[in-house]
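# Structure at a glance
Next come the chains, spelled out residue by residue.
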Amino acid sequence: MEVKARAPGKIILSGEHAVVHGSTAVAASINLYTYVTLRFSTPSDDQDSLKLVLKDEGLEFSWPTNRIKQEFPESSAEPQSPAPPSCSVESAKSIASLVEGLYIPEAKIAIASGVSAFLWLYTSIHGFKPATVSFTSELPMGSGLGSSASFCVALAAALLACTDFVSLDLKQQGWQSFQEKQLDLVNKWAFEGEKIIHGKPSGIDNSVSAYGNIISFKSGSMTHMKANTLLKMLITNTKVGRNTKALVAGVSERMLRHPDAMAFVFSAVDSISQELTLILQSPASDDVLSVTEKEEKIGELMEMNQGLLQSMGVSHVTIETVLRTTLKYKLASKLTGAGGGGCVLTLLPTLLSGFVVEKVVAELESCGFQCFTAEIGGKGVEINFEVSS
């Protein structure tokens, strides 16, 4: 049997950095996906190995099932409970043994943690079954768009779809969504995969990827919401890597130096996030004027948030270049995520002509940036059983 899954990436609409200091932040899914195809081997395939194919990286890895059994002698071939366990120290050592012998180019060494997450999720859910698992993604790695979470969510969804823990309609054509309880299960497994990749993730990225739409989060509490306002964004990847830990530490140090001023900054960010969620959840309207008014308010909030992020010291020369370029076309922009590089969001109003968008994209790409257009707040992870062996 062959099954496909796709999981969306994410953006932070408002509240990055300030959320660490108690402010509200808002994250949303984007219609850029990671895709996974899972196919279990049949006797006629004469294949007794687990294969991982990373199409975008041009890499393929393979492990004989006997080798996997040797590394996990205490494991059963099937999970005894749908609830995911955490990766034990013993399992982490076994996975490291399976990964260390692989040839991974130095420039792509960051994918090693993703391969580790893959091995743990696969063996935890399907034991030693021979199979081929292929990945491709529309999300650039390490850019703050939730590529690793999307990877883990799509993988967990495909793996669970082939178990008795999840009930799906195998005859339904096209993409189908999970029920809420099933989504909860997918999200829990994906979070364990994220922990292998990142150590101590917040759980926000995988939650947005699993459930879709928008999530408001504050002081460790997440609220799932449905956006009634369709937003279209231009996402500009500056291709500048950022040190998230250093940026977070820098904001905290500024807080220690200027506690009163920074407290006002964080309070302002909190107000922006709360107003933004109200606008996004307000009833949809066919009235062009009403839509335009909403977009104008959202654009203003984005610009205000960007100004506050600049005051936190997390902007970057490349981010400022994107801001200057889009401002020439009277478009509102802000960084998304940690800052210090990474990606920038630009609101594309409903009435904006395609010609203007093309000019903006051409100008940004001439600076060496990578541009995507994306819709905000769509569906979460989905499954497709169209192809069968």
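### Here we look at the overall build of the chain
Counting its secondary structure elements, the chain contains eleven helices and 13 strands. Taking 389 residues into account, the globule formula puts the C-alpha radius of gyration at 21 Å, and the chain, at 22 Å, falls close to it. Principal-axis analysis of the C-alpha atoms gives the chain an extent of 60 × 50 × 40 Å. Restricting the contact set of the chain to residue pairs at least 6 apart, pairs at least 24 apart contribute 76%.

### Considering the pattern of salt bridges
A side chain of one charge can pair with a side chain of the opposite charge if their charged atoms are brought near each other. Summed over all chains, the structure comprises nine salt bridges. In this structure, Asp 270 engages Lys 218 in a salt bridge whose closest nitrogen and oxygen atoms are separated by 3.5 Å. Pair noted here: Asp 270 is in helix H8 (residues 259-281) and Lys 218 is in strand S7 (residues 214-218), with a separation of 52 residues, a long-range link. Classification of Lys 218 by relative accessible area gives partly exposed; the value is 34%. Between Lys 328 and Glu 363 there is a salt bridge, and its shortest N-O distance comes to 2.3 Å. Here Glu 363 lies in helix H11 (residues 354-365) and Lys 328 lies in the loop between helix H10 (317-327) and strand S10 (333-336), a separation of 35 residues in the sequence. Using a relative accessible area of 57% as the deciding quantity, one classes Lys 328 as exposed. According to the relative accessible area criterion, Glu 363 is partly exposed, its value standing at 21%. The network of salt bridges with shared partners includes Arg 6, Lys 379 and Glu 382.

### Notes on H11
The terminal C-alpha atoms of H11, which comprises twelve residues, lie 16 Å apart, in line with the 16 Å expected from a rise of 1.5 Å per residue. Taken residue by residue, H11 has Val 357, Val 360, Val 361 and Leu 364 as its buried positions. All buried residues of H11 lie within an arc of 95° about the axis, which places them on one face of the element. Away from its buried face, by an angle of more than 90 degrees, H11 presents the exposed residues Phe 355 and Glu 358. Tucked into the core, H11 has its buried residues touching strand S9 (231-237), H10 and strand S12 (370-376).

### Some points on the nonpolar core
Counting residues in hydrophobic clusters, the biggest one holds 59 residues, and the most contacted among them are Leu 38, Phe 61, Trp 63 and Phe 118. Considering every element that reaches this core, the biggest residue donor is helix H4 (residues 147-161), with eleven residues. Formed by 53 residues, the second largest nonpolar core is a distinct cluster that contains Ile 235, Ile 272, Leu 323 and Cys 343.

### Focus: helix H7 (residues 244-257)
For H7, which comprises 14 residues, the first-to-last C-alpha distance of 20 Å matches the rise-based estimate of 20 Å (1.5 Å per residue) to within 8%. Its side-chain oxygen placed 3.3 Å from the backbone nitrogen of Lys 245, Asn 243 serves as the N-cap of H7.

### Here's the deal with the pairing of strand S8 (residues 221-225)
Two elements, S7 and S8, share five bridges in a ladder whose sense is antiparallel. Among the inter-strand pairings, Ile 214 is bridged to a residue of S8, identified as Met 225. What sits between S7 and S8 in their antiparallel hairpin is a turn of two residues, with Ser 219 showing a positive phi close to 50°.

### Observations regarding unusual backbone geometry
Note on backbone geometry: most residues besides glycine have negative phi, and most peptide bonds are trans. Its identity as a non-glycine residue notwithstanding, His 17 has a phi of 70°, on the positive side. Mapped onto the elements of the fold, His 17 is located in the loop between strand S1 (2-14) and strand S2 (25-40). The residue Ser 219 is not glycine, and still its phi comes out positive at about 50°. Of note, Ser 219 is situated in the loop between S7 and S8. Overall, Ser 219 belongs to the exposed group, its relative accessible area being 63%.

### Concerning the packing of helix H2 (residues 89-100) against helix H3 (residues 111-126)
Pairs of packed helices are described in terms of their axes, by the angle between the two and the distance that separates them. Where H2 meets H3, the closest approach of the two axes is 10 Å, and the angle between their N-to-C directions is 120°. By the angle between their axes, H2 is oblique relative to H3. Between H2 and H3 the crossing geometry is right-handed. Where H2 approaches H3, its residues Ser 91, Ile 95, Leu 98 and Val 99 are matched on the opposing element by Ala 112, Val 115, Ser 116, Leu 119 and Trp 120. In terms of residue class, the contact of H2 with H3 is made up of seven nonpolar, two polar and no charged.

### Structural notes on the environment of Asp 164
With respect to the element layout, Asp 164 can be found in the loop between H4 and strand S6 (176-177). Among the residues examined, Asp 164 registers a relative accessible area of 82% and is labelled exposed. Considered as a pair, Asp 164 and Pro 82 are 82 residues apart in the sequence and their alpha carbons are 9.0 Å apart.

Basis of the calculations
Each chain carries its own residue numbering, running from 1 in the written order of its sequence. Local features are withheld for residues below a pLDDT of 70 in this predicted model, meaning they are given only at 70 or higher, and side-chain atom pairs are given and counted only at 80 or more; totals for whole chains, interfaces and linings count all residues. To get the side-chain values, all heavy atoms of the structure are used, and hydrogens and water are removed first. Helix and strand definitions follow DSSP, with helices as H or I runs of at least four residues and strands as E runs of at least two, each counted in order from the N terminus. The atom set for the radius of gyration is the C-alpha atoms, and the globule formula is 2.2 Å times the number of residues raised to the power 0.38. Residue contacts follow a heavy-atom distance rule, with two residues in contact if any of their heavy atoms lie within 4.5 Å. The term salt bridge refers to a side-chain nitrogen of Lys or Arg lying within 4 Å of a carboxyl oxygen of Asp or Glu. With a 1.4 Å probe rolled over the protein chains alone, any residue whose accessible area is under 20% of its type maximum counts as buried; one over 50% counts as exposed, and the rest are partly exposed. One fewer than the residue count of a helix, multiplied by 1.5 Å, yields its expected span. Read the arc as the range of directions from the helix axis to the C-beta atoms. Take the buried residues of types Ala, Val, Leu, Ile, Met, Phe, Trp, Tyr and Cys, join any two whose side-chain atoms come within 4.5 Å, and each joined set is a nonpolar core. Contacts described as polar in this section are N or O atom pairs within 3.5 Å, which, within protein, must combine one atom able to donate a hydrogen with one able to accept it, while residues neighboring in sequence count only if both atoms come from side chains. At least two DSSP bridges between two strands are required for those strands to pair. The convention used is that axes are lines fitted to C-alpha atoms, helices contributing only their stretch in contact, and that angles between N-to-C directions extend from 0 to 180 degrees. Each angle is binned into one of four classes, with values under 35 degrees roughly parallel, values over 145 roughly antiparallel, values of 65 to 115 roughly perpendicular, and all other values oblique. By definition, turning the near helix anticlockwise from the far helix through less than a right angle yields a left-handed crossing, and turning it clockwise yields a right-handed one. Gly counts as polar in this scheme, as do all residues outside two lists: the nonpolar Ala, Val, Leu, Ile, Met, Phe, Trp, Tyr, Cys and Pro, and the charged Asp, Glu, Lys and Arg.

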